[in-house]
Each structure stands twice: as C-alpha cells, then as structure tokens.
Amino acid sequence: MKNTLLLFFIAMLSNTINAQVKTISGIVSDQTGPLPGVQVYIDKAASGTETDFDGKYSISASKGDKLVFAYLGYDTKEISVTDTLIINVILEVASNQLDEVVIVGYGVQKKRSTTAALTVVHSESIQRRTRSRNVKNNSPQPVHNQLAESQLSGISYSPAEIKISGNKTVSENNLPLYIVDGVAIHTKNNSIVANLDPDTIDKIKVYKGNKAIGLYGSSAKNGCIVIRTKRGNYKITNDEKYAQLTENPFKRLALSPLSTFSIDVDKAGYSNIRRLINAGSQIPIDAVKIEEMINYFDYDYPQPLGEHPFSINLEAAKTPWNAASKIVRIGLQGKEYLNEDLPASNLTFLIDVSGSMNNQNKLPLLKSAFKLLVHQLREKDRVSIVVYAGAAGVVLEPTGGNDKEKIIKALDNLSAGGSTAGGEGIELAYALAEKNFKPNKNNRVIMATDGDFNVGASSDKDMETLIEEKRKSGIFLSVLGFGMGNYKDSKLEKLADKGNGNHAYIDTMQEAQKIFGEEFGGTLYTIAKDVKIQIEFNPTKVQAYRLIGYENRLLADEDFIDDTKDAGELGSGHTVTALYEIIPVGVESEFLKEIPDLKYTQPELKNEYSDDLFTVKFRYKKPNEDKSIEMVAVYKNQFTEMTPDFKFSSAVALFGMHLRKSQYLNNANLNDVLTLATSGKGTDQKGYRSEFIRLVKTVDSSL
C-alpha cells in the first residue's frame, strides 16, 4: 500500500513539473520584416536558441521565466512567460535619437533631430542649390532635384507635413509609396526610381494623408507619389554587375605542370550570396566566387612560429563527391596581432553619398557600420572623411581616434543625393591620405559605396588605371560594398585588387561587426602583400588537377618570380584556403579527354622524388618592401581522414559548385553538402557554420 501511494505521489509530482514546462514559439521581426539569427534564451540560462530565416523560434520555458531576445544593432527585449504559448516580438533598432526626413520631391535627405517628421517641401533655396550644383557638374539633374523646380507638368503638391510617431529611426516603413506607370514600387528600389531620367517623365502627382490612404490603402499611409512616364511602361530592373567567370577545368600535368595563382582574402562573395538567398532572389552564376565563400570562414590553422608572417598547412584525402579523385587542401594562417599592438593608422573614409545610396541598407547601414570601426580607434589613430556625389569634398579633416564624438557627428550629418563622381572622390581621398602619410604606419583609404559611378572616370578600366597609379604611394585600399539592385561587385572587386586591399560586402550589422569588430586587424592591417602560390604535382602520382575557384586570380607561371606583378594581400589573423581536385595516375575519368602523343617532347620522370605528391611554393613581400621572399613546402604521397575543417571547407566548395551548376558535381546534391557540413561543423562558437547550414537548407527547400 505504501509503495502504491509513493508511486502515485511521484506520478503526480512529475505531471505537475511537466505542466510547468511548455514550448514557447513565435516570430521575431523589426519594422521591415522577420529577423533571422536573433538569439533567444532564458535569462541567466546557459543555452538557448535562435530564429530561423523566417524569424521563427521555439524554446522550452516555464511560466515566470524571462525570455531574452538579443540581436546586434537592436535594443535587447525581455518578456516574461505567462500562460500564452505564442510570443511574437518586434525589435527596435538601437538609437538614442530620432530622425527627420525631408522629401525634396521624392528624394530623401536626413537630418538629426529629436522629433520625427516626413515633409514634402518646395523651396526657392533648394531650387537655387540644385541649379548651381548641376551646372557645375554639367550633368543631368536627378528627378528628385528636378521636382524641386516645379517645371514638370501636373505637379499638384504644396508644402505639407505628415507626422510619424513611435519610430526611433527612419526605416523603409517611413517612406512614401511610389506608383510608376500604375505599378507599386517596393521601397528598397526607391533609389532607382529617384534616378529616373527627368526627360522620360510625363506627369507627377503627390497625395497625402487620407487622400493617399483612400486611393492606395494603408501602404500609402506616409503619402504616395504617382509618376507617369512618357512611354507608360517603366519597369524596375536588376542592374547588379558581376565579372564573368569560367570554371577552372582539369589540366593534364603533361601539358600544364605548374598551377599559379594569387591569394584572395576577399569575403564579399559569401555575404552577397547570403543576401540573395535570404531575399529569395535568383543567384547569378558569376556572383558565386567559391574561394571567397571558403575564405569567409576561419579554420583551425596554427599561428606561425618562425620569421615568416604566416604558417603553411597541407592535407590530402578522398574527394567527398567523387570516388575516382582526391582532394588537396592548402591553408595559410596569417600572424594575428592584438589591436593594441597594431601600428598607428592614418585612415581616410571615402563615402559615396550619391542618390543611389539613399536606401536603408546603404547609407544608413554604412553609418552604423563605420561607427563600430570608430569605437575601436585609439588615440594614436587619425581619421579623415571624404564624400562624393556630383562632386567630392572633405567633411572631416584629420581627427584623433580619441575624439570619437566629432567623428560620429560627421558621419551622422551625411545625407544622400545627386550623381556619382567616384573617380573624383578617389583622387581627393588619396591626396588627403598622402598629405597625412605616416611612414611605417598603416596608411589606408576605406571606400564605401554600391559602386554605381556615373560621372567622370567610371569604367572598370578607368578605375583600374587610376588605382594602379595611386597604390604606388604606399597607401592601401579597403573597399566595402553596400545595397542591392545596382550593386557593382565587378568594379569594387577590381578596385580592391588593384589597390592592395580587400573587398567585403556588408548586408547587415552582424556582418559589420564581423568586419570591424572580430576582424578589425585583418581588415585594416596588411602583414604580407603580393602573396602568390605555385604548385607542382608529381607526374608519377597525379595525371590531372583542377583548382576549385580563384578563376579571376590565375597568374601566368612566369609571374610567380616577377616582382612587378601584383597579387593578393594578407591581413592580420587572416586565413587563406585553396582546394585542388586531383586525378591519380592510372585512374580513368570522364573529365579527361584523350590527347595525341607529343612528337618532340617527352616528360622526364625523376624517381628520386617518388614519395612526393606535390611541392608548393609561396612568394610574398613585406608591406613596405618591393622584393619578394620565397617559402617552399613539400607534401608526401599520403591521404588521411578529413579533419572537421577540411570537411567544412569542402562542403562550402561543393555548395558553390552547386550554385554555379558545375560540370564536376558528379551527381552530388545538397543533401551531400549538408552531410559534409554538419560533420565538419565543429564547436562553431560564433555560429557562422550553423548559418551556412541554414542557407543550404533554404536553397534546398526552394527547389
């Protein structure tokens, strides 16, 4: 009887405890939509969860627990668990001040203020300023300036004010609705609308308040601007530009015994692909740069111990997607310096404030990103700011890194409008950097733009020539890309390559934190320049090879020892990984075509190196020197089990091959990518590998 009562008591207690623990779920969003990657956890608990790409989460909690929702760049929110099982949360962008938006026609200018208002204005002062600026630049007036002069037919607006309440910052939700030729234009494309050629416009009308809502519904709560073009069939098109890439093929050693390329530490390719996947956009094949995807992630390579600024790490194993081939991994680990040990920096921010930067994910995001950098500056660092639109100008003379308030105020005062004189901006930024040049210090221009240059020197060739000339000054160049719709990846990558710098794409504040926070030293301090790699496989072991990625980094074999040939730069703490797929001697492969026998040339095989699989050579220069230093490493003919890092880098490569519709997939699918990535995920303390796995699942579910 006692045992029965005891069991009954235990069962009742268990039911009571289980009743207290329940599954809470919901969606976390901001004013623009769902937020992926938000950290959700119980206050003071050791672990938690995070939102998926739809902003959804699920977590076990008990009544009375306090749920914490944390996301970089947003105010943290805490909510107590009650009886409800669904808790939806809206996070607010972290900001201590409100913005005033002034719409000139339908171009947006931003001013700092303690109130929020959306204003449609028509003023003689704006008219005079607009006229003088465009006469000086001898360029067509953007529509938002032309509107201010009221010279187009059908304009039916007068000075008015539409109040906005309850918003800490201006976002896409505060902007008016645009109707062009009867089609509503999403706010993310307003910069494209704002740069319509005035000559194509027939009529413009502006509706406000209840009139706008009555005609176009709640989406017009901030006013509506109706545009009719002369043709009547205007369409928003994607004007992003990517350099054309042709996938590296297998090469026979008998015809191509050497493989030579420049390193690439750019990471823009991965964050841009992430942006496209998150947006549900089609991914252009040429946007997929496999080496930039692989090098986005950190790998567990050891720090260098000798005189050289990087360590060399070699591995070889079975290819996960092809039983008939092997895969080789070459990894470099740059020496990592603490921020306080880095030399003083002479930084010049070169910021695009043209009309095309008027989107929330461009200039406003740019400002927030640069503030992260400013907070890391030291007293010995110096910052100048140059901006360019229709013309270029200096908005901040050299200022000490300890005067953060002054630098941030200069950033806050920036607003977008006008055409884009990128070449003029580059000239002025380098001139200012040269004027304040500090020998043996970190002299660098940091350019931030969407790459949409349209005034003065603007072609890729013009930019290449300009930057090649400027790099002789000893000033390095970092290039940061922003925005979508007209992002010019090809131009920005070329600028960074020729400017002895790196190229990154910032799509979120999380990415800004990675670039300016976690990788501050690598982003700003070069430890080795013109780094080249040349690999020679042993023809007694290998009959063919192909380099995975690096298509636009290939060098002629003779360029390896030519110190006048430019190559990639390695920053503090940076890692570089390159993968080769090889076909061993005696293995038949559908990827190798028969070639005729050579009549006059026969390869001479040297048996004394029969134990070697390959030899790899590296050349680099110290940042302030012009003569290269060579390193050599030999890998013996051995194949081991893949380490977790090797598996993960191979998974990223395979995903890139899938996105590029590679001919070398060998029937591998996204499940193979997931299996490989999951087994190579490791500890993943910062969550980047988990994010990659979610990206793959997102692509898989969309097929």
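For every chain, the first residue of its written sequence is number 1, and the numbers climb from 1 along that sequence. Local features in this predicted model are restricted to residues of pLDDT 70 or higher, and side-chain atom pairs are both shown and tallied only at a pLDDT of 80 or more, whereas totals for entire chains, interfaces and linings draw on every residue. To obtain the side-chain values, all non-hydrogen atoms of the structure were included, while hydrogens and water were left out.

Caption draft 1: Spatial organisation of the overall build of the protein. Segments assigned H or I by DSSP are reported as helices when at least four residues long, segments assigned E as strands when at least two residues long, and all are numbered from the N terminus. Scanning the protein from terminus to terminus reveals 17 helices and 32 strands. Counting across all 703 residues of the protein, residues that qualify as buried make up 55%. Using a 1.4 Å probe, accessible areas were evaluated by the Shrake-Rupley method; residue-level cover was limited to the displayed protein chains. Just so you have it, the protein exposes about 31400 Å², and 49% of that area is on carbon and sulfur atoms. The buried label applies to any residue whose accessible area, calculated with a 1.4 Å probe on protein chains only, is under 20% of its type's maximum; exposed applies above 50%, and partly exposed to all values in between.

Caption draft 2: Main features of the nonpolar core. Counting 71 residues, the largest nonpolar core has Phe297, Ile426, Leu495, Phe655 and Phe692 as its most contacted members. Ranked by residues supplied to this core, first place goes to helix α15 (residues 644-659) with 9 residues. Residue contacts for Phe297: discarding those within four places in its chain leaves Tyr270, Thr575, Phe648, Val652, Tyr688, Arg689 and Phe692. By size, the runner-up hydrophobic cluster in this structure holds 37 residues, among which are Phe349, Met357, Val383 and Leu480. Joining through side-chain atoms within 4.5 Å is the link that ties buried Ala, Val, Leu, Ile, Met, Phe, Trp, Tyr and Cys residues into a set, and such a set is a nonpolar core. Residues count as neighbours in contact if any of their non-hydrogen atoms are within 4.5 Å of one another.

Caption draft 3: Highlighting helix α16 (residues 670-679). Among the residues making up α16, those that are buried are Leu670, Val673, Leu674, Leu676 and Ala677. With a side-chain oxygen positioned 3.0 Å from the backbone nitrogen of Asn671, the residue opening α16 is Asn669. What qualifies as a polar contact is a pair of N or O atoms within 3.5 Å, subject to a donor-acceptor requirement within protein and to the restriction that residues adjacent in sequence count only when both atoms come from side chains.

Caption draft 4: How the structure looks around empty space enclosed by the protein. In the cavity and pocket records, a cavity denotes points on a 1 Å grid over the protein atoms alone where a 1.4 Å probe fits but cannot get out, a pocket denotes an open set with protein on both sides within 12 Å along at least 5 of 7 lines, and lining residues are residues with an atom within 4 Å of a point. Grid points are joined across faces, edges and corners, and a volume is the space filled by probe spheres set on the points. Counted by the stated rule, this structure contains 7 cavities of 30 Å³ or more. Approximately 110 Å³ is the volume attributed to the largest cavity. Lining the largest cavity we find 15 residues, and of these Lys267, Asn502, Ala504, Glu519 and Thr523 sit closest to its centre. Looking at the lining of the largest cavity, the elements that each hand over two or more residues are β26 (503-505), α13 (509-518) and α14 (520-524).

Caption draft 5: Expanded view of the pairing of strand β6 (residues 66-70). By the criterion of burial, β6 is predominantly enclosed, with 4 of the 5 residues buried. Pairing of β6 with strand β7 (residues 77-80), which is carried by 4 bridges, proceeds in the antiparallel orientation. In the sheet register, Val68 faces β7, and the bridge partner there is Glu78. Here, any two strands with at least 2 DSSP bridges between them count as paired.

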